[in-house]
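The residues making up each chain are set out below.
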Amino acid sequence: MSKASCPYCYHRIDLAKLRFQCTGRATPGRDRCKREVDVDRQRLTGFSGAVYPTFPPRETRNPLPQRLHDCPACGGSSGIRACQVCHTPLPANFADSRSPLIAVVGGKNSGKTVFTTVLVHELRHNIRRRFAADISFAGDRQGGDVSVAGWLENYESALFGESKLFEQTRSAADGVKVPLVLQWRQARRTLGREVHNTSTLSFYDAAGEDMTSQEFVNAQSYLAAADGLIVLLDPFQLNGARDRISVPEIAKRETEPPYNVLSRVTELLRTSHGLGTRRKIKIPIAVVFSKIDAFFKLLGEGHPLLTRPDTGPFYDESNGEDTDEHMRSLLTELDADDIDAHLRAHYKKFRYFGVSSLGAEPDYEQARVSAGGVRPFRVDEPLLWLLSLDRIIESRKTA
Amino acid sequence: MPPFDPKAYEEAVVKPLKRRAAGALPDDLVSRYAIDLAMADPDVARRLTEIRSHWNKSAQAQNKPLSVKSVYKAFLRADEALQREHGGNLGRADWWRQYDQSRQGSRAGQIDELAQTLRTGFGDLGLVSKGQLKALLDAEFTSLAPDEVAKALATASVSEADPVGLPQTSGLPDVQYRELARGLLDADLNSVPELLHGQLTSFTVLRAFTSDPPRNAGLTARAVTEAVDRENRRSGNQAARQALNILASAAKNQVDLRELALFHLLEDVRSHHRSGVPTVALLKRLTGRGLARDDARQAIFSVLNESAQAPITGLAAVQALLEEGRLVAAQQTLSTITGSDDATAARTLVDQQLARVRQCREAAQQALRRGDEDEARQQYRQAVALASDDPELTSELGRIPLPPPLELTAHPDGLGVRLSWRRAVSHDDRTRYRVVRRDGRAPGDPGDGVVVHDEPGSVALDREAAAGQVVGYAVFAAGEGGGAWSRPATATIEVLPPVHDVALSVEDGVVSARWQVHPDAVSVEVTCSDGGTVRMTGKASFTDRLESKQERTYTLVACYRRAGGAAARASAVQVRAANRGAAMPVTGLRLAVAPGDGSKVAVTWRLPDPDAEVVLRRAEEPCRWEFGATVPLPEVTAYGSDLRGTLTADGDWRTLTAEAPTGMHWYVPFTIGPNGALRGHEASLGIALPVTDLRHQRLGDEHVFSWAWPEDVGTAEVRWECGEEKGRLRLTRQQYRGAGGARLRCGKGELKVRVRTVVAASGGECVSGDAVLTVRSAPPKLRYSVQLARRPLLGGGTVRVRLAAEEPVPGCTVLVVAAAGAVMPRGPGDGVVVLRSPQHGLGRDEVELTAELPKLRKPYWIRCFLEEEGVALLVDPPTKQLKVS
């Protein structure tokens, strides 16, 4: 039976055995269920509000999945499905198709929160149009413990509207934080018929502080549950970069070599998945060099890394391969080929990307985006690659 | 220049001033105008525009609280005054730096003084309530800005706090509570927490119970049960057991044990506070009983802010009454004092105050006798301050007249007499003035004549005075609620009003004049400057005729007859008339944004006649008169504002270049004619704030342009030219944000881009001046493909490279490089050059190069490079052609 990671407690759950949550509407003649604090949910997700109880589906010999069940206490019919481990209600179509949990990790100051915010903005505007998809937030809480409106206000409006950069993301207690959960609903033609598939994408924006020691990394339970990793590496921290480009003062203050962050993540994935020494990690990993705009002058105007791929409703595999090779070449030039050696040694599937979330160097001292506003550059490609591997979108070779 | 952030500005600068006293804006102009002292002059000017726009918008905003809007309005009022005082200096960065420097020096002393005051008054606890702080600031430090107050607080180590609501009852019946308190005393226990948990290093109870070492049971029924069990296992200690029984019963009845514990601790503090024990001692006492220091500070702070006070009696009561200025009540209280010593002391105090009252009263009466009402009032006020409950004194104070008004003057005004005077120092806005008129002499009292004015103010107009005779005026002052009239200020005048409100028009050479004249005038004499005569029609008009281009000045004198029959003449009034011929309206008017930063407008028009006098007016609404209409000059001046600037002439054409405000405006020329102004051709132009910081980035074949948007502008227009190609693109701010800038794909030559903002206005669109950027052309692209024929068994092979250029490429040298390894070669040095091929001009026709490939271990790469830099841009094929693996 298919399994997925619960976006709220990060346990691998059997999608056929999801629980149901009572709606609070009792059948005539019976008392309605009362809202109470769910101890398991509180322990696993930190949510301490009063909620209606959850219950397991009734045993049945019918092999087809049942979408509605009656609450054993009040008899009310419910279609709200919930994680059987933490009892948190899941998005409506979570169980019906692929719902990958994508973790965005990286060292301090690598720009994870800005990247995640810009990526979600791109999803909700440009990618949605490009793929003719309906992409929207799922669930009441997003990116921590705030409402959708709260997240948009705190992050998207702050960055795009007010041009403010964010403070450093604080560590989540016990590595538990509600990720950003979005639903991607897109029409596909299968056997001549148009059908709609819905996938749930969960993005976990980790605090860079959590990557500073192996002990901290091990506490990040979402990492082991992730279906795909986007590892953001700060190119300013590469030794070769400092000799070739002007690195902002703030990047010189708190240094953490990207290799160290990567090796800690590898260590956790190997141990949590119980891999022997001969086997490689199967989870695909998109290795993203953020702030690539700082290298535009170094690369020159005609460099292939500065050319955006085709923007059809597919992932451009040919351009992706070219980018991968050119980034590897750039890494070698920046004396960081140890990263490539590490990835080859431990990962079965990985790919390099060069992106810029803001498009130009911000004012780090004032914590403000440059005067021209946010101009994302190739921010969507790592996610589209991961989605193409999951067959949520089509992949196409254009050359 | 850091961008202006309206939200942060409102939080930091505006909201702290919501509860300011009237007229008490801090003089921190740098913060108020959001000026950064590192700014240059253009940045300052731009910031002033932004901030004033923000004030105007926020002062009118529907969604802002009234208190916030009131601050914005106050800023606008203050801004007008500052502009009047400093004019163009406000736009200079140097002025702001000097202002800040001088202000820094003057404020440092005040900050230190405030810090010292805070330390002295509130340093014991380190806490001050918001009300106390506000009162202190209102009283002594009104000009300090919020950040300066914060600095003083930090220096004094005092922080703002709100008093906490403290329990006023124990929650137990009084008898039970007394037993509990006695039980704790007998058991040698300091507090309820100590009774429940034994000896604790410290604990908190003000908001929640915590303790060191921690006790999980807290102050709950479970803690009581555990304590009872503990005491039951020990012998003796009856007092503690009894206290615990009371607590157990209280817990059962849902009494809040935390509040009970707090009440018990505070009972002592309240009692000592009433007795005048200093706060430091109270703090020591509470911490000695185990309460954590922060909790103890907050608790004492809250007790000090409780309003209830114990009644006072005896000598203290007399002292308090005397301090309050209630002498009569103090005299009455004397009889209630029982102790002889206290009675004697109290009587002495009362007698002393009585003597001071008597002294003040006598001084006041002497001042009245010598006509010094201000001194008399001052003395009476002192007496009333000492005995405010003496009704006779209060009544005497009310009967003192005000000092008389100063310097009454009388002048002819129109057909009447204008009277004006100055207020005495002790008068205020509510002081009432009565002006009385009497023929022949000044009135002696408020009833001696005709009352012409009886209200506050310092000017009166008497239109009823008879002309041709001497009249006297007197002005008296009284308080708002009535009371005695002051002594008078007087003036006399012979009333001889001149003709008034002369209206003169010239049409087709005929002069018509009309005016007003006092009804008592016998006649009006009209004389011409050139000795000519006019045709009078009654006392109030005449007609005359002028030749073309002729001018004539008329002198008008009103004549009166005095009471004795003698003639009297009023002062003469002169008016001038000219026959200028027919005026023509301006028919051609052109408007354009003047070159530069886009803040000026160039208005060009053609003179209808070389001698014509043309006035340009600019207004925010269209002109209401038809083209060619004759408009009276006062109405022209009431329409919009006069346009001033630099005038240049070119034949009949005139161009005026003037500063232009943002927004849509109408420009109308008026030709001044003999009967008014002729309305000419109207044109409108809207000006918006331009974009700044226009930048370019080439990404492959795509050009990305970015810029900083001015506030409140939602649309920009991008116009570009590249060789023969031209284009225009309109972008909303949302579209710009979604696309990450303005993206263009165009030809290969030099690209010139102009960006301007567009703002919709009621009369059309306002556009800004252009921001212009020229992008040099990119080098021509040279594409290549790689084909490999390998020799599987022997190794190596042949490599074929096909070159093709989109545009002609001048001479260059192509290097074909082979490199072993997983990493693509980045230059010829990363591998072996297998072919060096000089090319003498490449075009669209393909050129094939062939080279022998050495034996290499997989994976390996074949990649081409150009030896010369900048000649062409070599475009790699897909990496699968380059890599062999």
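Residues numbered from 1 in each chain as written. Chains lettered and ligands numbered in written order. Predicted model: local features only at pLDDT ≥ 70, side-chain atom pairs only at ≥ 80, totals over all residues.

1. A few points about the overall build of chain A
Item 1. Of the regular secondary structure elements, chain A holds 12 helices and 20 strands.
Item 2. A burial count over chain A gives 47% of its 399 residues as buried.
Item 3. Looking at chain A alone, contacts between residues at least 24 apart form 75% of all its contacts between residues at least 6 apart. (Helix = DSSP H or I, 4+ residues; strand = E, 2+ residues; numbered from the N terminus. Buried ≥ 20, exposed ≤ 12 C-beta atoms within 10 Å, placed from the backbone. Contact = placed C-beta atoms within 7 Å.)

2. Describing the environment of A:Leu182
Residues and elements named next belong to chain A.
Item 1. Mapping Leu182 onto the fold places it in strand E14 (residues 180-190).
Item 2. Sequence spacing of Leu182 and Phe203 is 21 residues, and the spatial spacing of their C-alpha atoms is 8.4 Å.
Item 3. Excluding residues that lie within four positions of it along the chain, Leu182 makes contacts with Val120, Leu123, Ile135, Ser136, Phe137, Ala138 and Leu201.

3. Overview of the interface of chain A and chain B
Item 1. Taken together, the 32 residues of chain A in the interface contact 28 residues of chain B.
Item 2. Secondary-structure elements contributing two or more residues to the side of chain A that touches chain B are helix H2 (112-130) and helix H10 (317-333) of chain A.
Item 3. Considering every element that reaches the side of chain A that touches chain B, the biggest residue donor is H10(A), with nine residues.
Item 4. Split by residue class, the side of chain A that touches chain B holds eight nonpolar, 13 polar and 11 charged. (Nonpolar A, V, L, I, M, F, W, Y, C, P; charged D, E, K, R; others polar.)

4. Focus on the pairing of strand E26 (residues 653-659) of chain B
Residue and element names in this part refer to chain B.
Item 1. Two elements, strand E21 (residues 600-606) and E26, share seven bridges in a ladder whose sense is antiparallel. If you follow Val603 over to E26, its bridge partner there is Leu656.
Item 2. Pairing between strand E25 (residues 646-650) and E26: five bridges, direction antiparallel. Its bridge partner being in E26, Thr646 is matched across the sheet by Thr657.
Item 3. The hairpin turn running from E25 into E26, its antiparallel successor, is two residues long, and Gly651 in that turn takes a positive phi close to 65 degrees. (Pairing = 2+ DSSP bridges.)

5. Points about the sheet that holds strand E38 (residues 781-790) of chain B
All names here are of chain B.
Item 1. The strand order across the open sheet built from four strands is E42-E39-E38-E44, with neighbouring strands paired in mixed fashion. With partners counted over all chains shown, the strands left at the sheet margins are strand E42 (847-853) and strand E44 (873-875), one partner each. Averaged over all pairs of adjacent strands, the angle between strand axes in this sheet comes to 25 degrees, irrespective of strand direction. (Axes fitted to C-alpha atoms, helices over the stretch in contact; angles between N-to-C directions.)

6. Topic: helix H17 (residues 340-369) of chain B
All names here are of chain B.
Item 1. Spanning 30 residues, H17 covers 44 Å between terminal C-alpha atoms, matching the ideal 44 Å at 1.5 Å per step.
Item 2. When H17 is considered as a whole, its buried residues turn out to be Ala346, Gln353, Cys360, Arg361 and Ala364.
Item 3. Packed against the buried residues of H17 are helix H15 (314-323), helix H16 (327-333) and helix H18 (373-386).
Item 4. Positioned one or two residues after H17, Gly371 has a phi angle of 85 degrees, which is positive. (Expected span 1.5 Å × (residues − 1).)

7. Section: the nonpolar core
Item 1. In this structure, A:Ala103, A:Val104, A:Leu182, A:Val231 and A:Val288 are the most contacted members of the largest nonpolar core, which totals 117 residues.
Item 2. Among the elements that take part in this core, H2(A) stands out by supplying seven residues, more than any other.
Item 3. The next biggest cluster of nonpolar side chains, apart from the first, holds 51 residues, and it includes B:Ala152, B:Leu196, B:Ile246 and B:Val303. (Core = buried A, V, L, I, M, F, W, Y, C linked by C-beta atoms within 7 Å.)

8. Focus: the sheet that holds strand E9 (residues 459-462) of chain B
All names here are of chain B.
Item 1. Taken in spatial order, the three strands of this open sheet run E5-E6-E9, and their pairing is antiparallel. In the strand order of this sheet, the two ends are held by strand E5 (406-413) and E9, each with one partner. Shown here is a sheet whose adjacent strand axes are inclined to one another by a mean of 20 degrees, direction ignored.
Item 2. Note that E5 and strand E6 (residues 416-422) share six bridges and pair antiparallel. Within the sheet, the bridge partner assigned to Pro412 lies in E6 and is Val417.

9. Points about the packing of helix H10 (residues 221-232) of chain B against helix H11 (residues 238-252) of chain B
Residues and elements named next belong to chain B.
Item 1. Their axes nearest at 10 Å, the elements H10 and H11 cross at an angle of 155 degrees. In terms of their interaxial angle, H10 and H11 are classed as roughly antiparallel. Here the hand of the crossing between H10 and H11 comes out left-handed. Seen from H10, the contacting residues are Ala221, Val224, Ala227, Val228 and Glu231; seen from H11, they are Ala240, Arg241, Leu244, Leu247, Ala248 and Ala251. (Parallel < 35°, antiparallel > 145°, perpendicular 65-115°, else oblique. Left-handed = near helix turned anticlockwise from the far one by under 90°.)

10. What to know about unusual backbone geometry
Item 1. Across the junction of B:Asp212 and B:Pro213, the peptide omega takes the value 0 degrees, indicating a cis bond.
Item 2. Position of B:Pro213 relative to the elements: it lies in the loop between strand E4 (210-212) and H10.
Item 3. Cis geometry is found at the peptide bond from B:Lys858 to B:Pro859, where omega equals -10 degrees.
Item 4. Mapped onto the secondary structure, B:Pro859 falls in the loop between E42 and strand E43 (860-866).
Item 5. Not every positive phi belongs to a glycine, and A:Ala132 is a case in point at roughly 50 degrees.
Item 6. Within the secondary structure, A:Ala132 sits in the loop between H2 and strand E11 (133-137).
Item 7. A positive phi angle, close to 55 degrees, is found at A:Ala367, a residue other than glycine.
Item 8. Following the sequence through the fold, A:Ala367 ends up in the loop between strand E19 (350-354) and helix H12 (381-389).

11. Considerations on the confidence of the model for chain A
Item 1. Taken residue by residue, chain A gives an average pLDDT of 84. The fraction at 70 or more is 91%.
Item 2. The spread of mean pLDDT over the elements of chain A runs between helix H4 (residues 214-218) of chain A, the lowest at 61, and E19(A), the highest at 95. (pLDDT = per-residue confidence, 0-100.)

12. Description of the packing of H10(A) against helix H11 (residues 337-346) of chain A
All names here are of chain A.
Item 1. In contact at an axis separation of 7 Å, H10 and H11 are set at 130 degrees when each is read in the N-to-C sense. Taken together, H10 and H11 sit at an angle that is classed as oblique. Taken together, the residues of H11 that come into contact with H10 (itself represented by Arg328, Leu331 and Thr332) are Asp337, Ile339 and Asp340.
Item 2. Grouping the constituent residues of the contact of H10 with H11 by class yields two nonpolar, one polar and three charged.

13. Thoughts on the environment of A:Asp70
Residue and element names in this part refer to chain A.
Item 1. For Asp70, the position within the fold is in strand E7 (residues 69-70).
Item 2. Exposure remark for Asp70: the 15 C-beta atoms within 10 Å place this residue in the partly exposed category.
Item 3. Excluding its chain neighbours within four sequence positions, the residues that come into contact with Asp70 are Gly75, Gly76 and Ser77.

14. Remarks on the environment of B:Arg826
Item 1. Examined against the element boundaries, B:Arg826 turns out to sit in the loop between strand E40 (812-820) and strand E41 (832-839).
Item 2. A residue is classified by how many C-beta atoms lie within 10 Å of it, and B:Arg826, with 16 of them, is partly exposed.
Item 3. Apart from residues no more than four positions distant in its own chain, B:Arg826 is found in contact with A:Ser329 and A:Glu333.

15. Side note on the confidence of the model for chain B
Caution applies to low-pLDDT regions: their predicted coordinates should not be interpreted in detail.
Item 1. Looking at chain B as a whole, its pLDDT mean stands at 85, while 97% of the residues score no less than 70.
Item 2. Between the elements of chain B, mean pLDDT differs from a low of 76, seen in helix H6 (residues 130-140) of chain B, to a high of 93, seen in strand E32 (residues 715-722) of chain B.

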